[in-house]
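Remarks on the overall topology
Now for the letters of each chain:
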Protein chains: 2
Amino acid sequence: MLTYNTPVDDIRFLLGAFGYDRISDLDKYQDFDLDTMEMMVEESGRFYEEVVLPTNEIGDREHVEWDPETHEVTTPEAFKDAYEQVAQNGYIGITTSPEHGGAGAPETLGVILTEIASATNKSLGMFGLLSTGLIRALEADGSEEQKERYIPKLASGEWGGTMALTEPHAGTDLGLIRTRAEPNDDGSYEITGRKIWITAGEHDLTDNIVHFVLARLPDAPEGTQGISVFLVPKYLEDGERNDVECVGLEEKMGIHGSPTCEMEFDGATGYLVGEPNKGMRSMFVMMNEARLKVGIEGVALSNIAYQTALNWAKDREQSRALDKEKRDPDAQADNILVHPDVRRMLANIKSSVEAMRGIVMWAAVNLDLSDSHPDDEVRQEAQDLVDLLTPIIKAYCTEQGFENVSEAMQVCGGAGYTRDMHIEQYLRDMRIAMIYEGTNHIQALDLVGRKLTQDDGRLYRLFQSRMSDLIGSVEGYDELDEFVEPLKDASKTLTDLTMRLGQKAAEDREQAGAVANNYLEYFALTAMAYGWVRQLKYAVDQKSDNRETKFKTARFWFNHILPERHSLEDVIGSGKEHMMAFDRDEF
Amino acid sequence: MLTYNTPVDDIRFLLGAFGYDRISDLDKYQDFDLDTMEMMVEESGRFYEEVVLPTNEIGDREHVEWDPETHEVTTPEAFKDAYEQVAQNGYIGITTSPEHGGAGAPETLGVILTEIASATNKSLGMFGLLSTGLIRALEADGSEEQKERYIPKLASGEWGGTMALTEPHAGTDLGLIRTRAEPNDDGSYEITGRKIWITAGEHDLTDNIVHFVLARLPDAPEGTQGISVFLVPKYLEDGERNDVECVGLEEKMGIHGSPTCEMEFDGATGYLVGEPNKGMRSMFVMMNEARLKVGIEGVALSNIAYQTALNWAKDREQSRALDKEKRDPDAQADNILVHPDVRRMLANIKSSVEAMRGIVMWAAVNLDLSDSHPDDEVRQEAQDLVDLLTPIIKAYCTEQGFENVSEAMQVCGGAGYTRDMHIEQYLRDMRIAMIYEGTNHIQALDLVGRKLTQDDGRLYRLFQSRMSDLIGSVEGYDELDEFVEPLKDASKTLTDLTMRLGQKAAEDREQAGAVANNYLEYFALTAMAYGWVRQLKYAVDQKSDNRETKFKTARFWFNHILPERHSLEDVIGSGKEHMMAFDRDEF
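Residues numbered from 1 in each chain as written. Chains lettered and ligands numbered in written order. Predicted model: local features only at pLDDT ≥ 70, side-chain atom pairs only at ≥ 80, totals over all residues.

1. A closer look at the overall build of chain A
As a reminder of what qualifies: Every helix listed is a DSSP run of H or I at least four residues long, and every strand listed is a run of E at least two residues long, numbered separately from the N terminus. Between the two quantities, the radius of gyration covers C-alpha atoms and the globule rule is 2.2 Å times the number of residues to the power 0.38. The exposure scheme places C-beta atoms from the backbone and then counts, for each residue, the other C-beta atoms within 10 Å of its own, assigning buried at 20 or more, exposed at 12 or fewer, and partly exposed in between. The contact criterion used here is simple: two residues whose C-beta atoms, placed from the backbone, lie within 7 Å are in contact.
What chain A contains, in helices and strands, is 17 helices and nine strands. On C-alpha atoms alone, chain A measures out to a radius of gyration of 24 Å, which is about the 25 Å that the 2.2 N^0.38 rule sets for 587 residues. When its C-alpha atoms are laid out on the principal axes, chain A stretches across 80 × 65 × 55 Å. Per-residue burial for chain A yields a buried fraction of 61% across its 587 residues. Restricting to contacts in chain A with at least 6 residues of sequence separation, those with at least 24 account for 76%.

2. Comments concerning the packing of helix 1 (residues 8-17) of chain B against helix 9 (residues 340-372) of chain B
Helix packing geometry: the angle between the two helix axes and the distance between the axes. All names here are of chain B. For clarity, the cut-off: Between N-to-C directions, angles cover 0 to 180 degrees, with each direction set by a line fitted to C-alpha atoms, over the stretch in contact for helices. Roughly parallel means an angle under 35 degrees; roughly antiparallel, over 145; roughly perpendicular, 65 to 115; everything else is oblique. By convention, the crossing between two helices is left-handed when the near helix turns anticlockwise from the far helix through less than a right angle, and right-handed when the turn is clockwise. Note on residue classes: Ala, Val, Leu, Ile, Met, Phe, Trp, Tyr, Cys and Pro are nonpolar, Asp, Glu, Lys and Arg are charged, and everything else, Gly too, is polar.
Two elements in contact, helix 1 and helix 9, have axes separated by 10 Å at closest approach and are oriented at 45°. In terms of orientation, helix 1 lies oblique with respect to helix 9. Remark: the crossing between helix 1 and helix 9 carries right-handed chirality. Note on element contacts: helix 9 touches helix 1 through Glu354, Arg357, Gly358 and Met361, opposite Asp10, Leu14 and Leu15. The residue makeup of the contact of helix 1 with helix 9, split by class, is three nonpolar, one polar and three charged.

3. Let's talk about the relation of the copies chain A and chain B
The operation relating the pair of chain copies consists of a rotation about an axis and a translation along that axis. As a reminder of what qualifies: Only residues with pLDDT of at least 70 in both copies count here: their C-alpha atoms drive the least-squares fit that superposes the copies.
For the pair chain A and chain B, the superposition axis carries a translation of 0.0 Å, the fit reaches an RMSD of 0.0 Å, and the rotation angle comes to 180°. The relationship between the two copies is best expressed as a two-fold rotation axis. Of the interface residues in chain A, 100% have counterparts in chain B that sit at the interface too, so the contact is made through matching surfaces.

4. Comments concerning the interface of chain A and chain B
The parts lose accessible area when they come together, and the size of an interface is often stated as this lost area. Contact residues are listed per partner, giving 67 residues for chain A and 67 residues for chain B. When its residues are assigned to classes, the side of chain A that touches chain B shows 25 nonpolar, 21 polar and 21 charged.

5. Examining the environment of Pro563 of chain B
Here Pro563 of chain B is to be found in the loop between helix 16 (547-560) and helix 17 (564-574). With sequence-adjacent residues up to four places away left out, Pro563 of chain B is seen in contact with Ser567, Asp570 and Val571 of chain A.

6. Focus on the nonpolar core
To be explicit about the condition: By our criterion, buried Ala, Val, Leu, Ile, Met, Phe, Trp, Tyr and Cys residues that link up through C-beta atoms within 7 Å make up a nonpolar core.
Of all hydrophobic cores here, the largest spans 393 residues; its most connected members are Phe230 of chain A together with Phe230 of chain B. Setting aside residues no more than four positions away along its own chain, Phe230 of chain B makes contact with Ala181, Tyr189, Ile191, Val213, Ala215, Gly270, Tyr271, Leu272 and Val273 of chain B.

7. Quick word on the environment of Pro98 of chain B
All names here are of chain B. Tracing the backbone shows Pro98 in the loop between helix 4 (77-88) and helix 5 (107-120). Its 11 C-beta neighbours within 10 Å are what place Pro98 among the exposed residues. On a C-alpha basis, the gap between Pro98 and Lys576 in space is 51 Å, while along the polypeptide they are 478 residues apart.

8. Notes on the packing of helix 5 of chain B against helix 8 (residues 279-315) of chain B
Residue and element names in this part refer to chain B. Contact geometry for helix 5 and helix 8: axes closest at 8 Å, N-to-C directions at 50°. Between helix 5 and helix 8, the angle falls in the class oblique. For the element pair helix 5 and helix 8, the recorded crossing hand is right-handed. Contacts between helix 5 and helix 8 pair Val111, Thr114, Glu115, Ser118 and Ala119 from the former with Lys293, Ile296, Glu297, Val299, Ala300, Leu301, Asn303 and Ile304 from the latter. Considered class by class, the residues forming the contact of helix 5 with helix 8 number seven nonpolar, three polar and three charged.

9. Section: the environment of Glu43 of chain B
With respect to the element layout, Glu43 of chain B can be found in helix 3 (residues 34-62). A count of 13 C-beta atoms within 10 Å places Glu43 of chain B in the partly exposed class.

10. So, the pairing of strand 9 (residues 260-273) of chain B
Residue and element names in this part refer to chain B. Rule in force here: Any two strands with at least two DSSP-identified bridges between them are counted as paired.
With respect to burial, strand 9 is a largely interior element, 11 of its 14 residues being buried. Across nine bridges, strand 5 (residues 189-199) lies against strand 9 in antiparallel orientation. Counted as the bridge partner of Arg194 is Glu264 from strand 9. Relative to strand 9, strand 7 (residues 228-233) is paired through three bridges, and the arrangement is antiparallel. Residue Leu231 lies in a different strand from strand 9, and its bridge partner there is Tyr271. Across five bridges, the pairing between strand 8 (residues 244-249) and strand 9 is antiparallel. The residue of strand 9 that forms the bridge with Gly248 is Glu262.

11. Let's talk about the pairing of strand 7 (residues 228-233) of chain A
Residues and elements named next belong to chain A. Of all six residues making up strand 7, six are buried, and the element is well covered by its neighbours. Of the two faces of strand 7, the one lined by Ser228, Phe230 and Val232 and the one lined by Val229, Leu231 and Pro233 are each fully buried. Here strand 6 (residues 208-215) pairs with strand 7 via six bridges, running antiparallel. Counted as the bridge partner of Val213 is Phe230 from strand 7.

12. Looking at helix 5 (residues 107-141) of chain A
Spelled out, the test is: Under the convention used throughout, the expected extent of a helix is 1.5 Å for every residue step, that is, one less than its residue count.
Relative to the 51 Å expected for 35 residues at 1.5 Å per residue, helix 5 of chain A spans just 18 Å between its end C-alpha atoms, considerably shorter than the ideal helical length. Burial analysis of helix 5 of chain A places 33 of its 35 residues in the buried class, the great majority of the element.

13. Examining unusual backbone geometry
Trans is the prevailing form of peptide bonds, just as negative phi is the prevailing case for residues other than glycine. All names here are of chain B. Positive phi, close to 65°, is recorded for His71, a residue that is not glycine. Tracing the backbone through its elements, the reader meets His71 in the loop between strand 1 (65-66) and strand 2 (73-74). Overall, His71 belongs to the partly exposed group, with 16 C-beta atoms counted inside 10 Å.

14. Remarks on the confidence of the model for chain A
Quick note on the threshold: Per-residue confidence from the predictor is reported as pLDDT, a score between 0 and 100.
Summing up the model confidence of chain A, the mean pLDDT is 96 and the portion of residues at 70 or higher is 100%. Predicted complex, confidence summary: ipTM 0.97, pTM 0.98.

15. Re helix 17 of chain B
Within the span of helix 17 of chain B, buried status applies to Glu564, Arg565, Ser567, Leu568, Glu569, Val571 and Ile572 of chain B. Next to the buried residues of helix 17 of chain B lie helix 15 (547-560) and helix 16 (564-573) of chain A together with helix 14 (481-507) and helix 15 (509-542) of chain B. Gly575 of chain B sits one or two residues past helix 17 of chain B and shows a positive phi near 65°.

Right under this line is the structure:
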């Protein structure tokens, strides 16, 4: 029951709907027009379906293994072969600039490949995802020498990357980290400390592993203002083994093919990236890339679980249709797709996937605009949108992704709970995404405390102007009225909530913390409503083949998913009062 | 981090709030007054915490094992010892009548013990749960000889019970079953067929296993009107091995300590229970008992996950308090219980657990009234309430239980995803409860199609009269106004929804199927709002010690959980239209 078809058609449609032409119009990306993109998605999709997908269950069953003697980590044999092919096909460095050995494709393609890679083997996909993130951080803040030395090896997949942030006492709160960096005479540093939750911290897929490590210089200021970032390769330039070791693996609920390492840096040699004490800035380049892509895991696993459940449902006969006219007179039971509740569950997931994929594509196109558009203002606005959408996509799509996979399991009844069906693996693998790369509450605080407050609400005003522009642009599209009206209403309410939140946050930060998660969800629903109207407008303009189905899917979403905002509005309105009322011992 | 404290205080409080005195006032239960019950809960709680809880992880790690040669199933060693002690303490037969070797305790105690047993080891608990269910079915429909032969052995735990309903092509749709029962000359039957998903179908905890098997007599009418039920023991009276074997185990996401068996009945000897072709009625006695208890699993796992997360949170320091006055000046980070979002998550689970446990206790007391009250009318009304509440408790508490355990994981961040923390096991173990004993949609159809339609809405009218009685009884309780007003509103809306549903269901059954799940959730929220007002009234009347905390918890629930009804109302209003609009190929 291993089922996955790369959603090529929907991806092409969404590229069009979210203005990918603005990217292919850039000189830099003239080789990546819509047809080429479609061809590349199709081709890579076929590869991931055929080569990578079959390794997913193997990773889950065999787990990665840690040897307490050698401190080495072994991945399943099947991973080595699949990883090598991923690397050889150039997928890891696909968006890396050609001068550093990459294919120079737009970030949008990287985003699309993330969905395909995560759907077919989330654990394996994470190896490449970290390398891509590190490349991006080095492109932003690395020295020329560092770029030349590290990026080509990371892009080719010969070397792997990691993010080494967390310490046992410092997870969410990075200001607390204690790992030390002492300067050596040759300009390098000696890194000492222990890091936990290091994905791909040690493994046998690559010749070298490059850790991107947060540490404190001597006399660095306290908190996040005193954190620097270092490159710490497992093997040094001269081939010598560096003093960094994996001292254990976490036993987890899922992603068993992904080593979650506890790493000991025992006076390891490291190289400062960027300026001293500005490490959080560089790490955020990597982290923001990773957050967007973790959000995409929610789309990816929702979709493969949906396809699996749909495939199963199409074959299953059980109970008679409630509408007698739909009964098959020659059978004792009808195919379960006749049952309203089976349809409800499938439509929940389907409409959710397309809504989420829409705003992901919106963010992706803006990521490219922010990198590559010649106009400063366009770049800044695009960056603002990416900054705003990143925590929303990370938090909403992972939480909804978990619910979607669970819903797909429910479609299959008891069979869904068995390993044969694979959905149970997707559910276990999915759950971590609500936690890693900053828990979803951290995303909500980022949205409320950092993104909304920038420059007196510049990002939010931009978001609202995009809403108004779109609403203005569909005047006279009568068939869109049923969607535009709720969008207007959601958008207006979101503005009200945002203003009240801004006032509260200024005088009482606990209020903002208390409502942040629900506010983020309201924001996500509004952004997706906007995304749907863009999708439908494009379908109408293009008279696209999927037009009728898109309207049905949107209609389901507006009537079954968007109404969640009513409860959210109510709960947000109740503020912090009721949770803060408890004394510590009353919990 | 294995944490569980039996919630003795809340149980005692709820026994009072939901009128347990009406049970202990019965002659039959005069030995089980409130103090005795509390003592028994305390004592059994201690036993389950000390003896059973440590076996939970063992079952998850070791799994049950099936031998393809002998077709026998082996449970972990630790299970055998724990099961023996459970049996010796008389917990399996605790509610069985003394004439059949039980302790004759009220069903209410059985319900309470189910919560404790499920929290400490859900897999192990299921063995006993099935025996209890079979006892109940035999008490209702077994012959005197069957009662005498089987009940004492089941009650003592020497023998185990099973429910053998599902076949590969017949899960939800039992009308399709094909297992045959051919009469023998001696009055017994020869049973032939294959059953799947048989919990505890084969194992080594008991000397004998008694299967309760649905099968068709020759020339039985088609559908559920032609199903009879048979007792098929693994070992016959003369000690001979019966022709029933386990031919395989399911590999599942969780409940690894519980064997989910595929059973082959190959001309096995069976004994008819009750009348021919009336097997579904007897099976429903067992199923309804099981459904209520599966719902309780949601309360149980929510609670142990909550306690685990709370325990962890109390020790964890991370980030500074948003309110500067709450910061510990001597520390770099504050205990996470200062953070509004951590409190929000914990209060979500805590208030949900107490709300759910409330309506479970309401059902439990009515179960005893329906069995044992001398007045016919009281018995009938109590039975009506149990009938109404059973699908609501099964579906709502399992779905919410899964969300609650996931929320508890989120409180713990990355640690929550590791096996060390145990919550990931609770989450995997929890998920099946939304599926087994009739998927949650089957519960919703039971509510909408069977319970609401009985006698022109008799059950619903009774429910409404209970609401009005309570609302009338708290006139003048000014401190309850903030809860009574939303209860009135929810109750009125529920009545509107119910009437509209009744009209629709009559003319268009698809409409009822389409909205059934959301309607059930609305009903559950209303029932819990009722339950809260009962709890608070009792707290006020008794001036109970927990009064202030109960008010805070209720206030949180009314402001953070109950508002879900607004979205539900909207979605229910949209009916079947949007899910039925898709052509089959559009999914």
